[in-house]
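Each chain is listed here by its residues.
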Amino acid sequence: MPTITATFPLWRNIVLRERIEIVHVHQATSVMSNESVVYAAAMGLPSVYTDHSLFQFDDLAGVILNRVLETTLSTLNAAICVSHACRDNLILRAKLDPSRVTVIPNAVDPSKFTPDPAKRSADGRIKVVVVSRLVYRKGVDLLVGIIPKICRLFPEVDFIVGGDGNKLLNLQEMVEREHLQDRVDFLGAVPHSNVANVLRQGHVFLNCSLTESFCIAILEAASCGLLVVSTNVGGVPEVLEPDMIVLCDPNVEELVEGLRKAIERQEGDNPVDPIDAHKRIERMYSWHRVALQTIHTYDRIILEPPKSFLQRLGCYQRLGGFSGIVACILALYIELWIQFVVWLQPSKAIDIVPDLNPTEHCS
């Protein structure tokens, strides 16, 4: 629930004490993130918002969230999206200036997701791995229809399913109904530290998501040397090169056909080379590159002059109609509240944390 600026005194104390120069927030549904963008603008600090998700335009929750986001991001300096699909979605939802929205993809730690073909089954059976939250959005209903068909087509194929969620029962009922207990291995919730060990057992990774802005899971699977089969949704087509992934429409028939192609390739003369796949992922995606691109965004916005109160009112007024009036009233209330907090707790009364030189500290 919105705190109605109750968190501002503590928020301001932290910002001043730590000498914060840029406020960077994540997650559209976070109250703290939305409030922090508003607070930052009121205190003359530049702000950055990173969006990781795709939201709809045709349901009540999406309409309300998009309107809130349009209001709170009115004074934003820059936005970062993890894919071009995510960027297009955010620009439309929040009505942002496209020149302020950049794409910086997610990455993977290649040292933690390394291939090890020796971990695969010694009896030559093909393993299809699914590691996901077992919920509707992850396409578990599709998975219920896919597993029996693939097991009938390929007697040498087994499934490894890692994850938990409210759709787990549907999968378990299907396995019992189809008598596939010896073909499907349920691992339950898998700690992220153990995901790589699960992936190394497989030949093919299956992602059935109905919506994804990026899908870091397929990146981790490819880094471990698996051939990926995925629904062609959201930002998924942007993640991997065509020879590393089989894209399918989000329906059972297309995914079964995609899995058939992937299995036959892995059994044939042109399987994915796990070492080569890992090197390609290591070259294309790294957190060092993400950090450099993010710093470039910081360097750009830190030079922008802060918006005055009247400029911020103009940003909120551009929302138009009743929403614009309400936003301007709230902005006036926040400004008065800030002035009261500044009077109650002057900046000079807040202890500033000194910078520590690591070299001097160690010596």
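Preceding block: the structure.
Scope of this entry: the structure provided in the associated data block. (Residues numbered from 1 in each chain as written. Predicted model: local features only at pLDDT ≥ 70, side-chain atom pairs only at ≥ 80, totals over all residues. Heavy atoms only, no water.)

### Notes on the overall build of the chain
- When helices and strands are counted, the chain shows 14 helices and 10 strands.
- Across its three principal axes, the chain shows a C-alpha extent of roughly 75 × 60 × 35 Å.
- In the chain, which comprises 363 residues, the proportion classed as buried is 46%.
- Nonlocal contacts in the chain, meaning residues at least 24 apart in sequence, comprise 73% of its contacts between residues at least 6 apart.
- Looking at the chain as shown, the accessible area adds up to about 18200 Å², and 59% of this sits on carbon and sulfur atoms. (Helix = DSSP H or I, 4+ residues; strand = E, 2+ residues; numbered from the N terminus. Buried < 20%, exposed > 50% of the residue type's maximum accessible area, 1.4 Å probe, protein only. Contact = heavy atoms within 4.5 Å. Areas by Shrake-Rupley, 256 points an atom, 1.4 Å probe, with all protein chains shown as cover.)

### Quick look at the pairing of strand E3 (residues 78-81)
- Side chains of E3 alternate between two faces, with Ala78 and Ile80 and Ala79 and Cys81 buried alike.
- Bridge count between strand E2 (residues 47-51) and E3: four bridges; the pairing is parallel. Each bridged residue has a counterpart across the sheet, and for tyrosine 49 the counterpart in E3 is alanine 79.
- What joins E2 to E3 is helix H3 (residues 60-72), and the crossover it makes is right-handed. (Pairing = 2+ DSSP bridges. Right-handed = clockwise from strand over helix to strand, strands pointing away.)

### Thoughts on the sheet that holds E3
- Across the sheet, four strands lie side by side as E1-E2-E3-E4; this open sheet has parallel pairing. One side of each edge strand has no neighbouring strand; the edge strands of this open sheet are strand E1 (23-26) and strand E4 (101-103). Between one strand and the next, the sheet's axes are offset by a mean angle of 25°, whatever the strand orientation.
- Sheet topology note: the E1/E2 ladder contains four bridges and is parallel. Looking at E2, one finds that valine 23 is bridged to serine 47. (Axes fitted to C-alpha atoms, helices over the stretch in contact; angles between N-to-C directions.)

### A look at helix H6 (residues 168-178)
- Looking at H6, one finds that the buried residues are Leu168, Leu171, Met174 and Val175. Seen end-on, H6 carries its buried residues on one side only, within an arc spanning 130°. Opposite the buried face of H6, at more than 90 degrees from it, the exposed residues are Glu176 and Arg177.
- One or two residues past the end of H6 sits histidine 179, with phi positive at roughly 60°. (Arc of directions from axis to C-beta.)

### As for a nonpolar patch on the surface
- Side chains of Phe322, Val326, Leu330 and Tyr333 sit close together on the surface and give an oily, nonpolar patch of about 410 Å² of accessible area.
- Within the fold, leucine 330 resides in helix H13 (residues 321-344). (Patch = residues over 30% accessible without salt bridge, like charges linked within 9 Å, V, L, I, M, F, W, Y side chains within 5 Å. Salt bridge = Lys/Arg side-chain N within 4 Å of Asp/Glu carboxyl O.)

### A closer look at the pairing of strand E7 (residues 184-188)
- Two strands pair when backbone bridges link them, and strand E6 (residues 157-162) and E7 are joined in this way by four bridges, in the parallel orientation. Its bridge partner being in E7, isoleucine 160 is matched across the sheet by aspartate 185.
- Between the parallel elements E6 and E7, the chain passes through H6 in a crossover that is right-handed.

### A closer look at the pattern of salt bridges
- Under the counting rule described, the total for this entry stands at 18 salt bridges.
- Between arginine 67 and glutamate 70 there is a salt bridge, with the nearest N and O atoms lying 2.8 Å from each other. Remark: glutamate 70 and arginine 67 occur in helix H3; sequence separation between them is three residues, near one turn of the helix.
- With a relative accessible area of 31%, arginine 67 lands in the partly exposed category.
- Ionic pairing is found between aspartate 158 and lysine 127, a salt bridge with its closest N-O pair at 3.1 Å. Separated by 31 residues along the polypeptide, aspartate 158 in strand E6 and lysine 127 in strand E5 (residues 126-131) bring together distant segments of the chain.
- Members of the salt-bridge network, linked through shared partners, are Arg125, Lys127, Asp158 and Arg183.

### What about the packing of helix H5 (residues 140-153) against helix H9 (residues 252-267)?
- Packing of H5 against H9 leaves a shortest axis separation of 9 Å and a crossing angle of 45°. Our classification of the angle between H5 and H9 gives oblique. Crossing of H5 against H9: the hand is right-handed. Taken together, the residues of H9 that come into contact with H5 (itself represented by Leu142, Gly145, Ile146, Lys149, Ile150 and Leu153) are Val252, Leu255, Val256, Leu259, Arg260 and Ile263. (Parallel < 35°, antiparallel > 145°, perpendicular 65-115°, else oblique. Left-handed = near helix turned anticlockwise from the far one by under 90°.)

### What to know about the sheet that holds E5
- Taken in spatial order, the six strands line up as E7-E6-E5-E8-E9-E10 in an open sheet, and their pairing is parallel. In this open sheet, the two strands that pair with only one neighbour each are E7 and strand E10 (245-248). Neighbouring strand axes in the sheet, compared pairwise and without regard to direction, differ in orientation by 20° on average.
- Docked against the sheet, helix H7 (residues 192-199) engages E5, E6, E7 and strand E8 (204-207), running at close to 160° with respect to E5.
- Here H9 sits on the sheet in contact with E5, E6, E8, strand E9 (227-231) and E10, set at roughly 175° to E9.

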